[in-house]
Amino acid sequence: MNKFARIIGTGSYLPPTVITNDDLAKTINTTNEWIVARTGIKQRHKVTNETTCDLAEKAANRALEMAGINVKDLDLIILATTTADKIFPATATILQTAIGASCPAFDLQSVCSGFIFALTTAEQYIKASAANKVLVVGSETLSRIVNWNDRSTAVLFGDGAGAVVLSGSDNTGILYSKLFSDGKYLSSLQVSNNYINEVGFIEMSGNEVFKIAVNRLSSLAEKTLKETNLNSNKLDWIVPHQANIRIISAVAKRIKTPMNKVIVTLENHGNTSAASIPLALDTAVRDGRIKRGDYLLFEGIGAGFSWGSILIQF
Ligand code: COA
């Protein structure tokens, strides 16, 4: 039996087209100042022709390269996405063929907490020795479901992908993970179609989502440190879901962690849903901030609501 699931490679990808806040202000009634002050977001990336699988493929190949393993050694692929390329087959199976893997592959849908749910699922496979090498990807083309005329949501979201390769380890890795769901909040944040006639768009009560996010994530961050007996000054980095700088800083404040120990990349790409945590992680691994042995806290919440946290020794 493997004792731990350990991240051995990270990768990410953002499509080249950038939409700045000023670009948005040309078509909707908003300003760069409002968006930066209320969210921290300065720009987002948007696909032109690329699919969710295309973004996932680029992020996955970068993670596999860093991990230094042969793609044929993968035992499982889990793709967290809310913007699957087709109703079926699973985008994960399209990705499997694109990267040349031959293992089982499935999609997991838990909106903005998708990466945390997927990583926790992969961890369980590894700890049960049902798999030893697992690729976990978060990839989104949210621009396809954003109502670009709705200023209360259009400014928030973007496209992108992030990936990790996990391996069984006897020494260290994921130390703790906890997931929650509460389906009462359907009308607070949803895409209103039901696949029948049309593609729907994101609808959100921003203020309500904001309060619930701060409340649930702060309590969960506290609980995570308490249950792992980790004093917050031992925590090296929070790698949060990148939705809003005010949510991120409220959670950090609650667990007495200064903002210079929080990885923030949302100014560059906005809320990329299931892709946002692995995007932030990969950025900070590649720029040298996150080092082997560091204690990392991942936390995030998404529609449902579903939320979760993971504590890792990297
Ligand atoms: N530009 C300018 N004004 C805007 C605007 C925009 N893009 N969007 C909304 N406003 C206006 C509102 O119409 C409102 O005007 P009013 O007071 O005249 O009615 C005012 O700004 C305040 O709106 P409010 O919704 O209370 O602002 P807020 O401080 O809550 O910020 C969000 C709005 C969406 C940024 C914030 O609620 C948020 O981030 N919520 C969480 C969203 C999220 O993270 N969702 C994903 C979870 S995974």
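Starting afresh in each chain, residues are numbered from 1 along the sequence in its written order. In keeping with the model being predicted, local features are shown solely for residues with a pLDDT of at least 70 and side-chain atom pairs are shown and tallied solely at 80 or more, while totals for entire chains, interfaces and linings include all residues. Think of the side-chain values as coming from all heavy atoms in the structure, minus any hydrogens and water.

Caption draft 1: The arrangement of the overall build of the chain in detail. Counting from the N terminus, the helices are DSSP H or I runs at least four residues long and the strands are E runs at least two residues long. Looking only at helices and strands, one finds 10 helices and 13 strands in the chain. As defined in this context, the radius of gyration uses C-alpha atoms, and a globule is described by 2.2 Å times the residue total to the power 0.38. Here the C-alpha radius of gyration of the chain, 18 Å, is about what a compact globule of 314 residues would show, namely 20 Å. Based on the C-alpha atoms only, the size of the chain along its principal axes is roughly 55 × 45 × 40 Å. Buried means the residue's accessible area, taken with a 1.4 Å probe over protein chains only, is under 20% of the maximum for its type, while exposed means over 50%, and partly exposed covers the values in between. Residues counted as buried form 54% of the 314 residues belonging to the chain.

Caption draft 2: Structural context of the site of the ligand. As a matter of local geometry, the ligand sits amid 21 residues, with Thr30, Arg38, Arg151, Asn207 and Asn244 nearest to it. Throughout this description, a polar contact denotes any pair of N or O atoms lying within 3.5 Å of each other; where both atoms belong to protein, one of them has to be capable of donating a hydrogen while the other can accept it, and for residues adjacent in sequence the pair is counted only when both atoms sit in side chains. Between a nitrogen atom of the ligand and a side-chain N or O atom of Thr30, the distance comes to 2.6 Å. Contacts to the ligand include Gly206, whose backbone N or O atom sits 2.9 Å from a nitrogen atom. Note on areas: Shrake-Rupley, 1.4 Å probe, and residue coverage restricted to the protein chains presented here. With the chains in place, 72% of the 960 Å² that the ligand exposes on its own is no longer accessible. If you list the elements that add at least two residues to the shell around the ligand, you get helix H2 (32–39), helix H6 (151–154), helix H7 (206–227) and helix H8 (245–254). The dominant element in the shell around the ligand, judged by the number of residues it contributes, is H7, at 4 residues. In this classification, the charged set is Asp, Glu, Lys and Arg, the nonpolar set is Ala, Val, Leu, Ile, Met, Phe, Trp, Tyr, Cys and Pro, and all remaining amino acids, among them Gly, are polar. In the shell around the ligand, the residues fall into 9 nonpolar, 9 polar and 3 charged. Each residue is tested against the molecule or strand, and it is near if at least one of its non-hydrogen atoms lies within 4 Å.

Caption draft 3: Geometry of the side chain of Thr120. Positionally, Thr120 belongs in helix H5 (residues 114–127). Judged by its relative accessible area of 8%, Thr120 falls in the buried class. For Thr120, the side chain forms a polar contact with the main-chain oxygen of Ile116, separated by 2.8 Å. The contact criterion used is simple: two residues touch if any of their non-hydrogen atoms lie within 4.5 Å. Residues contacting Thr120, with those up to four places away along its chain left out, are Ser177, Leu179 and Ile310.

Caption draft 4: View of the UniProt feature "domain: Beta-ketoacyl-[acyl-carrier-protein] synthase III C-terminal" (unreviewed entry) in the chain. UniProt positions are given in the numbering used here, feature names are shortened, and annotations may be inferred rather than shown by experiment. In the UniProt entry, the feature "domain: Beta-ketoacyl-[acyl-carrier-protein] synthase III C-terminal" (unreviewed entry) is given for residues 225–313. Within residues 225–313, the helical portion is 31% and the strand portion 22%, while the C-alpha atoms at the span's ends are 13 Å from each other.

Caption draft 5: Focus on the sheet that holds strand E11 (residues 237–240). At least two DSSP bridges between two strands are needed for those strands to be called paired. Reading across the sheet, the 4 strands line up as E8-E13-E12-E11 and stay open at both edges, with mixed pairing between neighbours. On the outer flanks of this sheet lie strand E8 (174–181) and E11, each paired with one strand and no other. Each strand of the sheet is rotated relative to its neighbour by a mean of 10°, with strand direction disregarded. Fitting a line to C-alpha atoms yields each axis, with helices limited to the stretch in contact; the angle taken between N-to-C directions then spans 0 to 180 degrees. Strands in contact with H5 are E8, strand E12 (295–302) and strand E13 (306–313); relative to E8, the strand with the most contacts, it is inclined by about 125°. Packing against the sheet, helix H10 (residues 276–286) makes contact with E11 and E12, and its axis sits at approximately 140° to E11.

Caption draft 6: View of the nonpolar core. Among the nonpolar cores identified, the biggest contains 40 residues, and Leu235, Ile255, Ile301 and Phe305 are the most heavily contacted of them. For this core, the secondary-structure elements that each account for two or more residues are H7, H8, E12 and E13. Here this core gets 8 residues from one element, more than from any other, and that element is H7. Residue ranges assigned to each domain were obtained from an automatic or database domain assignment. Taken domain by domain, the makeup of this core includes at least three residues from each of domain 1 (4–169) and domain 2 (174–313). The definition of a nonpolar core used throughout is a set of buried Ala, Val, Leu, Ile, Met, Phe, Trp, Tyr and Cys residues joined through side-chain atoms within 4.5 Å.

Caption draft 7: Region of the structure containing the pattern of salt bridges. Criterion for a salt bridge: a side-chain nitrogen of Lys or Arg within 4 Å of a carboxyl oxygen of Asp or Glu. In the structure shown here, the tally under the stated rule is 9 salt bridges. Of the charged contacts in the structure, one is a salt bridge between Lys127 and Glu123, with a shortest N-O distance of 3.2 Å. Taken together, the positions of Lys127 and Glu123, both in helix H5 and 4 residues apart, correspond to about one turn of that helix. Judged by relative accessible area, which is 30%, Lys127 ranks as partly exposed. Among the residues examined, Glu123 registers a relative accessible area of 2% and is labelled buried. With a shortest N-O distance of 3.3 Å, Glu222 and Arg254 are connected by a salt bridge. Of this pair, Glu222 sits in helix H7 while Arg254 sits in helix H8, and the two are 32 residues apart along the sequence. The exposure class of Glu222 is partly exposed, given its relative accessible area of 36%. A relative accessible area of 36% places Arg254 in the partly exposed class.

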